[in-house]
Structures are given as C-alpha cells and as structure tokens.
Amino acid sequence: MLNWASRFVLYFLIASTPALAAIQQTKGDFQDKFRQLDEVLPTPNVYRNAAGEPGHQYWQQKVDYQIDVKLNEEARTITASETIHYHNNSPDTLRYLWLHLDQNRFRADSVAERSKTFGDGASRGPATKSSHGDQPAAMSFDFLRQQQAMEDRPLGFTIENVKDSHGNALKSTIVDTVMRVDLKTPLKSGESVTFSMDFSFNILEENAISARSGFEHFPKDDREGGNDIFLLAQWFPRLAAYTDYEAWTNKNFLGRGEFTLEFGDYDVAITVPSDHIVSATGSLQNSGKVLDNEQRRRLRKAQTAKRPVFIVTPEEALENEKKGSDKMKTWQFSAKNVRDFAWASSRKFIWDAKGYKQDSEENPVVMAMSFYPKEGGELWQKYSTEAVIHTMEVYSRFSFDYPYPVAQSVNGPVGGMEYPMITFNGPRTNLQKDGSRTYSLSEKRYLLGVIFHEIGHIYFPMTVNSDERQWSWMDEGLNSFLDAIAGREWDPNIPWGNEPSDVVDYMKSSVQVPLMTQSDSILNFGPNAYHKPATALNILRETILGRELFDFAFKEYSRRWKFKRPTPSDFFRTMEEASGVDLDWFWRGWFYTTDHVDISIDKVEKLRLDTENPDIDFERRRQENKDKPMSISVERNAQEGKAWVERNQDVTDFYDKHDEYTVTNKERNKYNSFMEKLEDWEREALTRAVKEDKNYYVLSFSNLGGLVMPIIMQLNYTDGSSESLTLPAEIWRRSPKAVEKLIITDKGKELQSVEVDPRWQTADVDINNNHFPRKILPSRIESYKSKKKNALEFRDIMFDSTTELKKDKEEDN
C-alpha cells in the first residue's frame, strides 16, 4: 500500500504524462476544474477522518531529553551528553530508531554538498552564476568565503558512547544527516526505551556559511577574539518523527526543507562563560544562581510593566563586553511539550522584557523578551518586544492562546529562524561617522516583519506540527498569510506584501512549480513556499469565503491540530467541512497546478427585447439602420451629385414612400394572432417586459490563465453611478475556458464600461484585458545612455599603467 508521500509522487508522475488527460477526458478538450480531490487525497481512516480532524485512534510519539552542554567560547565548539527517553505510542513494534544529525549537512561528503550544482540559485547562502551569453561565470566573494570556512575546520557531529540505560553499547549507523540506532530488544506498542550518547561539533561561522545557527564574531570589540554571539539550533541529535502516514520521516537534510519532530519534555543544562546571558527554549530554573538580585527584581517588575523593562541595561552589556570572564556558569532550563530546543549566548546581550496578559488558565502571563547587542540600538529597544506581543495578540485570535510561558526574540547573524519559545532575528541599526545609530524604513519594516513571522512560527509549525520538508507551504505559507495580517494591523501605511498583485510575476512565469512540490525540489523557494500560498489564503479569506467563514474554519483547524501533526488533506478537509463550502476547485487550481489567473472581458453586447408588435419593432429596426455609419462610397457619391434618384425626383413609385420597415396589415394580424394564443401568464410577462423596456447586456469572458476564480466586476453607468458584482467561481464549472453572463439593468440605466477585478483581489496577471472598452493604461519610460559593449576595447592601458596606485584607507589604518 502506498504511503502518503508516495501517493503524491505518483500523482505528479501521472500529471506529467498523457495518462492524466485520459483520466480527465478521452474525447474533446473539456477540463473539469471542479473535479473532486478524492483521487488525490489519502483515504480517511481511524487516524485522520474525512472531516479533516484527528481520528479516534490518532497517535503520535513522545520523546523526552536530558542534555548537559558546554560552550567552549575560545575554540567555538560544543561538547555535550544527552539522555533520550522514547515513548512508543504507535500500534507498531519498532526494532530501531532514526535520529536527525543536521550538522552533518555541512560535511564535504554530505549529499547536500555533493549534489550542489554550479549556478544553483536555490541554495541557502551565497550562490554562483553560470556563464550566459557573453557573460562569464561568476563566484561571489561570499561564496569563496563560505568554501574556505568549510575547509578550515572539520564540520559535523562527532558521536560517541551510544548506549542503553544499562550502559550496554548500541549499534548505530550514520547515513549522511540521519543515524539509525538499533535496539537490543524490539520496542512494542505502549513501551518506552532510554538510551544516551555523547556528541560534539565545531560551531559554524554563520556570516561565512549561512546556516540556521552559528557564531558571529565582532573583531572591533575591545576583547579581540572574544565577543561573539552564539546562536545554537539543530545542535543535538534529535529523534525523527514516526508517523501514521509515512512511518519514519528520515529524509536527509539538504539545507532547504526543515523538519517535523516529536513533542516531549526537555531539561537542559547550559554551561557558558559566567558573564554571558543565555536565552533558551523553556523556563529558567535556577535564576537565583545565574542572575543577581537586581536582575530578578527587574524581571518581576516587567511582568506588569506598560513598556519593556531592561533586565540587562545597555550600559551593563557594554561593561560585560569590556571585561570578559574566564569563569563558567550553568543555566538550567526546563521546557514541557515542545518539539525542539534552541538557545543563544553572548556577553554582548542587552535584555528587556514585558509581560503579556492573555485569557489562559495555563499561561495567563507570557514573558515577552528580547536579547540584542548594542548594534541593535533604538530599533530593537523600541520595537522588538512590542512586536513579539503584537504577534501573540493577532495569532491567538486566529488560532489559540499562546501555549508557552515565554516568547523571545534574539538578535544575531541568522536573518530569521524559529524554535519553540525562541526566535533568531537579524536586522540592526547602522553606525554613522558621528557615532550615532540610524535605521531606514525598510530596516524597521524588516525587523517588525521578521519578528511577526518568526514568533508566528511558534504557532505554525512549532505547535501545529506540520512537516516543511514535505510541504513547505503548510509552514511558511500559512505563517506568511498571518504575519501579513499582523503587519497590516500594526501599521497600514507600511507596505507588508503578500497582496494578490505581489505574486503575479511568479504565477505567470515559466519557472513556477506546484505548491505541493517537495521542499528541496523548489527552485524559487520564496515565491512558492511563502508568497503564493499566503496570497491564496488571503484571496480565500477576503474574496471567496469572506472573513466570517474563513476565520471560523481556520480557527477550527488550529484547534484540532494544536500539538498534533496535520497533513495537507487535514487542512483542506477542515476548511471545507467547517466553512460549508466546496473548495476542491480552489485547492486543485492553486496548490496542484501551475495555472494562473487571467480573466479577460472580450465583448459586451447590448440586447433589447422585441415587443413582437410590428409597429414598435419595425420602427426600432429602422432607427438601428439609420444609426449605422453611412457607406463612404455613398457619402462621396452624394457629395458629387451622382445619385440618380436625386436628379430624377419626378420618377417615383410606392417604394419611394415605403421602405422595408413599413408595417403591413398582414404583420399586424400575425401579431394579434400571436398575442391571442399566449397563455395569460405569458401575455402578462411579455406585456410587463415591454413596458419596463429594460436593458439586456451579454458579457463575454475568456479564462486565459486556466485558473478558475470568481469574476469580480465594477459596472459603470452613463449617469455616473457604479456598482460591484461578483460571479462565483462555479460559473466556469461546465465551460472553464469561456463563459457569457447576462446583466439586466433598468430603462435609462445605460452601461458605459466594465472593469474586471478593479481592486486587484484575484492575482490576475494581465490587467490590460480587464476593461471593456479597452483602457489606455498609465506606465513610465526612462531615457538612458548606451553602454559600451566591450570594455576591453576601450581600456587606456598606457594611462592606467602610469596612474598612481591608490591604497585602501582601511588598509592604511
């Protein structure tokens, strides 16, 4: 029986062959855009039911960790030991366990490194460029730095002493970025096993290698070689998830797709230099040993403060940077029901905090906290902790109360990354020549946006535990949709993105791939994993379902899968079941295809109801004929006096007084007979229609992009008024390529023009065909100076050779 992942692979293999056309249609070119997804989605079962919620036999594993870790600041290494307690809640017997070793991804012999292609623009970090046309291949300085950093120090885990709870060695096998541990005794359903290991690794230099964790060195600090910021994530061997739909989720880590893990309890002891401040997943258990009395007093004050309170002030952090310490201190953290653990450590950290009150019995006050160096400046002091709180306010409204006691934003070299209760966020201020620090509007937006996004990830996927390695959009897309809402609710005057118009270039491009594509196979990761699914959900909320139905269904999805592991089918089914609206056409079009939205209004015809009374209808036709343009030949003949009948007006007959529109008694008798034969209700309906004399407009539309969507129109009238009209997507159900719609207006209400999608709600890629009559659209043109095609031909070698060599000022300094 095919598992979940295999079914999707099979679907896309079929979709790329003529077999799919055979499934859909064998004759003609009809396409059923409203075909149900039953053949694609997995069959409902006792683990995941047809409503999209956990079934009555739903299960998931539980993994608890005890870890002792020590940071060697000078060597920039981690040494640690961990004890793992694994609970088998599945109905299966397990003979081995799989663990993730994500640090191994940076080994020279890893699959990730060996499968890199030259000119690969999809990799995280610096890229190379292949030769193109007359342009040579290129390697950025960042790329050279990355390669050198990966060569200079051995990278990846060193694993030792894998043994069971009795001290017996366990066989372990490392396969690239995963490790299999063979159990002495098969682990039956309902049983638990405990084992342990020691591990160590060299910490990456984040600015050189561009990972999700690492250290950042500040060489101009007073303590040369000392004042670093350490961000530690994916830093310990972690149990891979074992699921009902895939069994072991042991795909190797290639650098892009993240992970899904098991929930459990963590007790972690972190030993660092005694002047370091540590931020970590969980609650601090030994504040009396690592914080002084004043810092603990400030923390208590922060719980009820109106604005963030400094726990470590900027002045105190600056003193820490200057002094340094050779002593060590151990910070104890405990975290319950989390799926991962991350931490940060530095003597540079300023620390502020503020309590966030929520209507939750479990966590009535959440401590929002920020950790940042002096380089964060006023930007971080003003906005970081407040942005953390704002995120919780918005996301909780859409899902559930924030589930943990702390929420933290830490500044460091990682641009943006999330873990339970802690996030890494990158933007900083800019140091000016006079010693002041400033920031641009884009940097302010970046800081706010990345905090909204990364704190939002604590909800999705750190609590609603989806798997980004398989379905990136369930993690990044859902979260990007919500962080844009948080941004617009923070300040509507700042452009936050994820509007329908922001994704049109990607949707009409030839490099687009379906949203259901596996994470590491996506070339344009940002548009595919973030922007397109976020736009789809925005359209679903604002345009298709409306806020009331969408918000109810989305909150139901969040509630159902809190601390559980949903798949795409669970989301699709829940949104349909809870909203009461068939959305299979939407999921199919937006998530399974590369179709785009391009609805064209091609023609508008004005019809007028025939009265069947020849004395009225014939006169109308006579006027319609007069309204036609005169033949240019006839007009010029008249001007030249070449019309015979005009020159010989004494020669006339009956037809000079009666034209083809003359009504005869025969036609009147026919009309009277017609009216007599009508049923009373038919005669009444026709008489009323003739009296009302309404306008009948037939609007013709083409679906040029293939993606069916509602047709949103603005109808503009000659009297200056306008009205909005939305035709549901179901209008395309029997004719997905072209449709016609009858619009009826009262007498005197003349239609002047029609505009499709006037507020750019549907991500329509071509607004040029959205107007009838066609509209001249404003654009811009710039003048430019032609560039020399070949710089080598115009080098003045004689002059350049005698020019004085200029030294770099920084080198002289």
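Residues numbered from 1 in each chain as written. Predicted model: local features only at pLDDT ≥ 70, side-chain atom pairs only at ≥ 80, totals over all residues. Heavy atoms only, no water.

## Some remarks on the overall build of the protein chain
What counts, and what does not: Strands here are runs of E lasting at least two residues and helices are runs of H or I lasting at least four, both read from the DSSP assignment and numbered beginning at the N terminus. Note on definitions: a residue-residue contact is assigned when non-hydrogen atoms from the two residues lie within 4.5 Å. Areas reported here follow the Shrake-Rupley algorithm with a probe of radius 1.4 Å; residue values treat only the protein chains shown as occluding.
Each helix and strand counted, the protein chain has 23 helices and 34 strands in total. With the C-alpha coordinates aligned to their principal axes, the bounding extent of the protein chain is approximately 125 × 80 × 55 Å. A separation of at least 24 residues holds for 75% of the contacts in the protein chain among residues at least 6 apart in sequence. Accessible area of the protein chain: about 40,700 Å², with a carbon and sulfur share of 49%.

## Observations regarding empty space enclosed by the protein
What counts, and what does not: For each structure, a 1 Å grid was placed over the protein atoms alone; sets of points admitting a 1.4 Å probe that cannot get out are labelled cavities, open sets with protein on both sides within 12 Å along at least five of seven lines are labelled pockets, and lining residues have an atom within 4 Å of a point. Grid points are joined across faces, edges and corners, and a volume is the space filled by probe spheres set on the points. Three residue categories are used. Nonpolar comprises Ala, Val, Leu, Ile, Met, Phe, Trp, Tyr, Cys and Pro, charged comprises Asp, Glu, Lys and Arg, and polar comprises the others, including Gly.
Under the counting rule described, the total for this entry stands at 3 cavities of 30 Å³ or more. In this structure, the largest cavity spans a volume of roughly 150 Å³. Contributing to the lining of the largest cavity are 19 residues, with Arg105, Phe106, Ala211, Arg212 and Phe253 lying nearest its centre. Across the lining of the largest cavity, the residue classes tally to 7 nonpolar, 6 polar and 6 charged. Lining the second largest cavity are His100, Glu246, Thr249, Asn250, Lys251, Glu258, Phe259, Thr260, Asp467, Arg469 and Gln470. Residues that form the lining of the second largest cavity fall into these classes: 1 nonpolar, 5 polar and 5 charged.

## Describing the side chain of Asp352
Which entries qualify depends on this criterion: Each residue is placed in one exposure class: buried if its accessible area under a 1.4 Å probe, protein chains only, is under 20% of its type's maximum, exposed if it is over 50%, and partly exposed if it falls in between. Within this scheme the basic residues Lys and Arg register as positive and the acidic residues Asp and Glu register as negative, but His and the chain ends are omitted. Any carboxyl oxygen of Asp or Glu that lies within 4 Å of a side-chain nitrogen of Lys or Arg is treated as forming a salt bridge with it. Any pair of N or O atoms that falls within 3.5 Å is considered a polar contact. Within protein, one atom must be able to donate a hydrogen and the other to accept it, and sequence-neighbouring residues count only if both atoms are side-chain atoms.
You can see Asp352 is positioned in strand 21 (residues 350-357). Among buried charged residues, Asp352 stands out as having no salt bridge; its nearest opposite-charge side chain is Lys354, 9.9 Å away. Among the polar contacts listed, one links the side chain of Asp352 to the side chain of Thr385, at a separation of 2.4 Å. Look past the residues within four positions of Asp352 in its chain and what remains in contact with it is Pro308, Val309, Phe310, Ile311, Ala368, Met369, Ser370, Tyr372, Trp380, Gln381 and Thr385.

## Quick word on the side chain of Thr391
Looking at where Thr391 falls in the secondary structure, it is placed in helix 9 (residues 377-398). Here Thr391 is in contact with Ile451, Phe452, Ile455 and Gly456, once residues within four sequence places are set aside.

## Notes on the packing of aromatic side chains
We apply this condition: Here a pair means two rings of Phe, Tyr or Trp (six-membered ring of Trp) with centres within 6.5 Å. Their orientation is stacked below 30 degrees between planes, edge-to-face above 60, and tilted elsewhere. Note on geometry: a ring has a charge over it if NZ (lysine) or CZ (arginine) is within 6 Å of the ring centre and within 35 degrees of the ring normal.
Tallying each qualifying case throughout the model produces 54 aromatic pairs. Taking 6.2 Å as the distance between ring centres and 55° as the angle between the ring planes, the aromatic pair formed by Phe554 and Tyr557 counts as tilted. Remark: Tyr557 and Phe554 occur in helix 14 (residues 547-560); sequence separation between them is 3 residues, near one turn of the helix. For the pair formed by Phe554 and Tyr557, the shared burial category is buried. Both rings, one in Trp587 and one in Phe591, keep their centres 5.6 Å apart while their planes meet at 70°; by these two values the pair is edge-to-face. Pair noted here: Trp587 and Phe591 are both in helix 16 (residues 584-591), with a separation of 4 residues, about one helical turn. With respect to burial, Trp587 and Phe591 carry one shared label: buried. Over the ring of Phe259 we find Arg238, and its NZ or CZ is 4.6 Å from the ring centre. The ring centre of Phe525 lies 4.5 Å from the NZ or CZ of Arg256, which sits over that ring.

## As for the confidence of the model for the protein chain
Rules: The predictor attaches a confidence to each residue, called pLDDT, with possible values from 0 through 100.
When pLDDT is averaged along the protein chain, the result is 90; 91% of the residues meet or exceed 70. Ignoring residues within four places in sequence, the model shows residues 1-22, a span with pLDDT below 50, making 33 contacts including any to other chains. Note that pLDDT drops below 50 for residues 808-813; the model gives that stretch 1 contact with residues more than four away or on any other chain.

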